[in-house]
Amino acid sequence: MSIDSVREREARWFLPVVKRLPIVLVEGLGSRVRDLDGRELVDLSAGWGVTAIGHCHPALVEAIAAQAGRLMQTTNLFYTLPQLDLAEKLASLMPAPLTRSFFTSSGTEAMDGALKLAHRATGRTRFVSTHDSFHGRTLGALGVNGQEKHRAPYEALLPATTRIPYGDAAAARDAVDGRTAAFVVEPIQGEGGVNVPPRGYITALREICDAHGALLLADEIQTGIGRTGAMLACEHEGVVPDVVTLGKGLGGGFPIAAFLTTEAVAKTVALGDHGGTYAGNPLGCAASNAVLRVIEEEKLVARAAALGERVLAKLRAFAAEHPDVAREARGRGLLLGLELRDAERAGQLPLRAIERGVLVNVTAGRVVRLFPALNVPEDDLWPALETVLALAKA
Ligand SMILES: Cc1ncc(COP(=O)(O)O)c(C=O)c1O
């Protein structure tokens, strides 16, 4: 089989909405993947920040296989144990009082559920979110998205949302009022370009929401589960949101996401307010339980913090040495970005990196985003990073 034949088949059968790079991935192990020709590449993008414990971690593979052989799916008319174990575990890992979980299959569904919850809890219909944010592609999540390109074609279908500049507490103060159901925010914007808000921003949002009886809804689908060196990125400011969404790293590659809330908010919903065929699917929950176990056992949250600092130092040194190439390095833990000046060069970088054996992502047009597995071996990470930096300036 050749890449050309794969492309031809796909061009014939798929809805043409996805642009792909010319490589077919067939295997992954740890932070390495293999293509159709058997060529090995180092993965610095981890399936968009998803494979938090690396590709095909034996503990994850084993947990999925064991659960698949036991009970793969049932309905939510019945109790199942993996779901209960996961909810209990998350309650212990999240800052109090985020103790109540609902599980979904994707991040965007978790966002939609969280938005519905905010409406139920407050009786209000308006949301405030930030420019350049990304919250998903279903109609609720899309409504609060700050990225025009995703939202504009569907504007007529979306919930009422005011969008304001990210990191601007004064703008938040002006926008939130007694009609606001929730302020929706990523503690660090991922897709928007690894944008880190000024210190105190999340604290200010908490105060503003409290003053108006609005909920603070933190979208931690990309930043959560240890990615930024804390279980939740909100914890860096000691802030507890009313609702938090999780995804990506939660399943380590298995499609599972969640929204969590407090006892007080949970009291506002009634039976039947939300649901889903795959909500709390035993296979996904077993996968997630295994991922969380590995993250704890291998102390990957602390590792993300410590290793992330060293990588950021390296990126900052590069930006300082090559101010004509890079505008800034930023991020936290293992969610890092290097903003390049030349958008054309940035756009070509993923393809050129593939040719040199590295998978790397570029977001927001010119930001090289590094979000490898939290357990990426240093022997893989540093040489791959050297390759990316060499390409950035070549
Ligand atoms: C912050 C954030 N929210 C929501 C989503 C949507 O998640 P999913 O693609 O699983 O629907 C993403 C995906 O990139 C994300 O980064």
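Scroll up to find the structure this text is about.
Anyway, here's the lowdown on the structure attached to this text. The structure presented is a predicted model; accordingly, all values stated were derived computationally and were not measured. (Residues numbered from 1 in each chain as written. Predicted model: local features only at pLDDT ≥ 70, side-chain atom pairs only at ≥ 80, totals over all residues. Heavy atoms only, no water.)

A tally of regular secondary structure across the protein chain gives 14 helices and 15 strands. Over its C-alpha atoms the protein chain spans a radius of gyration of 21 Å, differing by no more than 12% from the 21 Å that the globule rule assigns to 394 residues. Dimensions along the principal axes, computed over C-alpha positions, put the protein chain at roughly 55 × 55 × 45 Å. Expressed as a percentage of the 394 residues in the protein chain, the buried residues total 54%. Residue pairs in contact within the protein chain that sit at least 24 positions apart in sequence constitute 70% of those at least 6 positions apart. When the accessible area of the protein chain is evaluated, it comes to approximately 17700 Å², of which 55% is carbon and sulfur surface. (Helix = DSSP H or I, 4+ residues; strand = E, 2+ residues; numbered from the N terminus. Rg over C-alpha atoms; globule rule 2.2 N^0.38 Å. Buried < 20%, exposed > 50% of the residue type's maximum accessible area, 1.4 Å probe, protein only. Contact = heavy atoms within 4.5 Å. Areas by Shrake-Rupley, 256 points an atom, 1.4 Å probe, with all protein chains shown as cover.)

Another point: the layout of surface pockets. Computed from the structure, the second largest pocket encloses a volume of approximately 970 Å³. Where the lining of the second largest pocket is concerned, the elements lending two or more residues are α4 (81–93), β4 (98–104), α5 (107–122), β10 (257–262) and α10 (263–266). Here the lining of the second largest pocket is built from residues that sort into 13 nonpolar, nine polar and seven charged. (1 Å grid on protein atoms, 1.4 Å probe; cavity = no way out; pocket = protein on both sides within 12 Å on 5 of 7 lines; lining within 4 Å. Points joined across faces, edges and corners; volume = space filled by probe spheres on them. Nonpolar A, V, L, I, M, F, W, Y, C, P; charged D, E, K, R; others polar.)

The full set of residues close to the ligand is Ser-106, Gly-107, Thr-108, Phe-134, His-135, Gly-136, Glu-186, Glu-191, Asp-219, Ile-221, Gln-222 and Lys-248. At 2.6 Å, a side-chain N or O of Asp-219 approaches a nitrogen atom of the ligand. Here Lys-248 contributes a side-chain N or O atom positioned 3.0 Å from an oxygen atom of the ligand. Here the ligand has 390 Å² of accessible area as a free molecule, and 81% of this is covered by the chains. Taken together, the residues that form the shell around the ligand break down as two nonpolar, six polar and four charged. (Near = heavy atom within 4 Å. Polar contact = N/O pair within 3.5 Å; in protein donor to acceptor, adjacent residues only side chain to side chain.)

On to helix α9 (residues 201–212). Under the 1.5 Å per step criterion, the end-to-end length of α9 is 17 Å for 12 residues, consistent within 8% with the ideal 16 Å. Listed as buried for α9 are Tyr-201, Ile-202, Ala-204, Leu-205, Arg-206, Ile-208 and Cys-209. Against the buried residues of α9 lie β5 (126–130), α8 (169–175), β7 (180–185) and β8 (215–219). Phi turns positive, to about 65°, at Gly-213, one or two residues after α9. (Expected span 1.5 Å × (residues − 1).)

Counting residues in hydrophobic clusters, the biggest one holds 80 residues, and the most contacted among them are Leu-90, Phe-183, Leu-246, Leu-315, Leu-338, Leu-340 and Leu-370. Top contributing element to this core by residue count: helix α12 (residues 300–321), with nine residues. Sequence-distant contacts of Phe-183, that is, excluding residues within four places in its chain, are made with Val-128, Thr-130, Ile-164, Ala-172, Val-176, Tyr-201, Leu-205, Cys-209, Leu-215, Leu-216 and Leu-217. In terms of nonpolar packing, the next biggest core, distinct from the first, is built from 19 residues, Leu-115, Leu-215, Leu-217 and Ile-221 among them. (Core = buried A, V, L, I, M, F, W, Y, C linked by side-chain atoms within 4.5 Å.)

Once that is clear, we can look at helix α3 (residues 58–68). Those residues of α3 that fall on the buried side of the exposure criterion are Leu-60, Ala-63 and Gln-67. End-on view of α3: buried residues confined to an arc of 65°, all on one side of the axis. Residues of α3 that are exposed and point more than 90 degrees away from the buried face comprise Pro-58 and Glu-62. Close packing links the buried residues of α3 with α4 and α11 (282–297). (Arc of directions from axis to C-beta.)

With that settled, the discussion passes to the state of the cysteines. Inspection of the entire model under this criterion finds zero disulfides. We note that Cys-209 lacks a disulfide partner, and the nearest cysteine sulfur, in Cys-234, lies 11 Å from it. For Cys-209, a relative accessible area of 0% corresponds to the buried category. (Disulfide = S-S within 2.5 Å.)

Once that is clear, we can look at the packing of aromatic side chains. One pass over the full model with this rule turns up two aromatic pairs. Taking 5.6 Å as the distance between ring centres and 75° as the angle between the ring planes, the aromatic pair formed by Tyr-166 and Tyr-201 counts as edge-to-face. Of the two residues, Tyr-166 sits in the loop between β6 (161–164) and α8 while Tyr-201 sits in helix α9, which places them 35 residues apart along the sequence. You'll find Tyr-166 and Tyr-201 in the same group, each marked buried. (Phe/Tyr/Trp six-rings, centres within 6.5 Å; stacked < 30°, edge-to-face > 60°.)

Take the side chain of His-150 next. For His-150, the location among the structural elements is in helix α7 (residues 148–151). Among the polar contacts made by the side chain of His-150, one reaches the side chain of Arg-137 at a distance of 3.4 Å. Setting aside chain neighbours within four positions, we find His-150 in contact with Phe-134, Arg-137, Leu-142 and Asn-145.

What follows is about the packing of α12 against helix α14 (residues 378–393). Relative orientation of the contacting elements α12 and α14 amounts to 25°, with a least axis distance of 12 Å. On the basis of their axis angle, the class for α12 and α14 is roughly parallel. Here α12 runs over α14; the crossing is right-handed. Contact with α12, carried on its side by Arg-303, Leu-307, Arg-310, Val-311, Lys-314, Leu-315 and Phe-318, involves Glu-378, Leu-381, Trp-382, Leu-385, Glu-386, Leu-389, Ala-392 and Lys-393 of α14 and no other residues of that element. Here the contact of α12 with α14 is composed, by residue class, of nine nonpolar, no polar and six charged. (Axes fitted to C-alpha atoms, helices over the stretch in contact; angles between N-to-C directions. Parallel < 35°, antiparallel > 145°, perpendicular 65-115°, else oblique. Left-handed = near helix turned anticlockwise from the far one by under 90°.)

On the secondary structure map, Asn-289 appears in helix α11. The class of Asn-289 is buried, set by a relative accessible area of 12%. Looking at Asn-289, its side chain comes within polar contact range of the main-chain oxygen of Pro-82, at 3.1 Å. Not counting residues up to four positions away in its chain, the partners in contact with Asn-289 are Pro-82, Asp-85 and Leu-86.

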